[in-house]
Amino acid sequence: MPPKFERAAERAAAAWLATGLYACLIFAISAIPHIPVPPKLQMMNADKLFHMIEYGFFGVLIVRSFGFSFEFPSEFWLGLAALAAGVVYATTDEFHQKFVPGRSSDLMDGLADTAGLAAGIALWLFRSGRKTSNDRRG
């Protein structure tokens, strides 16, 4: 295999490893029963912000993995594929939480996850597109 393709394969493998490890981390955190949340944060629905941050980072990892591994006709389709994969994972995570004592499955959590995914994916696509256009200008 030519060196260029070896580096691309290594980069894709490393991206998928990071994505998989982070998915395992999300699952492990979701499996913790009765996570104590201070009352003031409960009143402010701060958990939605945590969901957005958690899944925003996951969105970056997913879109990188898809981008390094597959060809897409445009960044729009890359982002849409990454978002769909992230939403499927978020849905399974919310379902999993139904069976953890002291945890629940919540539509609003799922929407916060989706918003975080979309923000992370958009940020990555914006940054990578900007870098590419700057590289072309010299």
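It should be noted that the structure appears before, not after, this text.
Novice: Which parts of the structure should I look at to understand the nonpolar core?
Specialist: Note that soluble globular proteins tend to have their nonpolar side chains buried in a common cluster. Ile26, Tyr55, Phe58, Ile62, Val63 and Tyr89 are the most contacted members of the largest nonpolar core, which totals 16 residues. Taken together, the elements giving at least two residues each to this core come down to α1 (3-30), α3 (46-69), α4 (75-97) and α5 (107-137). Of all the elements, α3 adds the most residues to this core, at six residues. Among residues more than four places away in sequence, those in contact with Tyr55 are Ile26, Tyr89, Ala90, Asp93, Asp113, Gly116 and Leu117.

Novice: What should I look at first to understand the pattern of salt bridges in this one?
Specialist: Oppositely charged side chains may form a pair once their charged atoms are brought near each other. Evaluated as defined, the whole model comprises three salt bridges. Of the charged contacts, one joins Lys48 and Asp47 as a salt bridge, the two residues approaching to 3.0 Å between their closest N and O atoms. With relative accessibility at 18%, the residue Lys48 sits in the buried group. Looking at Asp47, the relative accessible area reads 28%, which means it is partly exposed. Each of Asp47, Lys48, Asp106 and Asp109 takes part in one network of salt bridges that share partners.

Novice: Please explain the environment of Pro33 as it appears in this structure.
Specialist: One can find Pro33 in the loop between α1 and α2 (39-43). Expressed as a C-alpha distance, the spacing of Pro33 and Val100, which sit 67 residues apart in the sequence, is 5.8 Å.

Each value, and the rule that gives it
Residues numbered from 1 in each chain as written. Predicted model: local features only at pLDDT ≥ 70, side-chain atom pairs only at ≥ 80, totals over all residues. Heavy atoms only, no water. Core = buried A, V, L, I, M, F, W, Y, C linked by side-chain atoms within 4.5 Å. Buried < 20%, exposed > 50% of the residue type's maximum accessible area, 1.4 Å probe, protein only. Helix = DSSP H or I, 4+ residues; strand = E, 2+ residues; numbered from the N terminus. Contact = heavy atoms within 4.5 Å. Salt bridge = Lys/Arg side-chain N within 4 Å of Asp/Glu carboxyl O.

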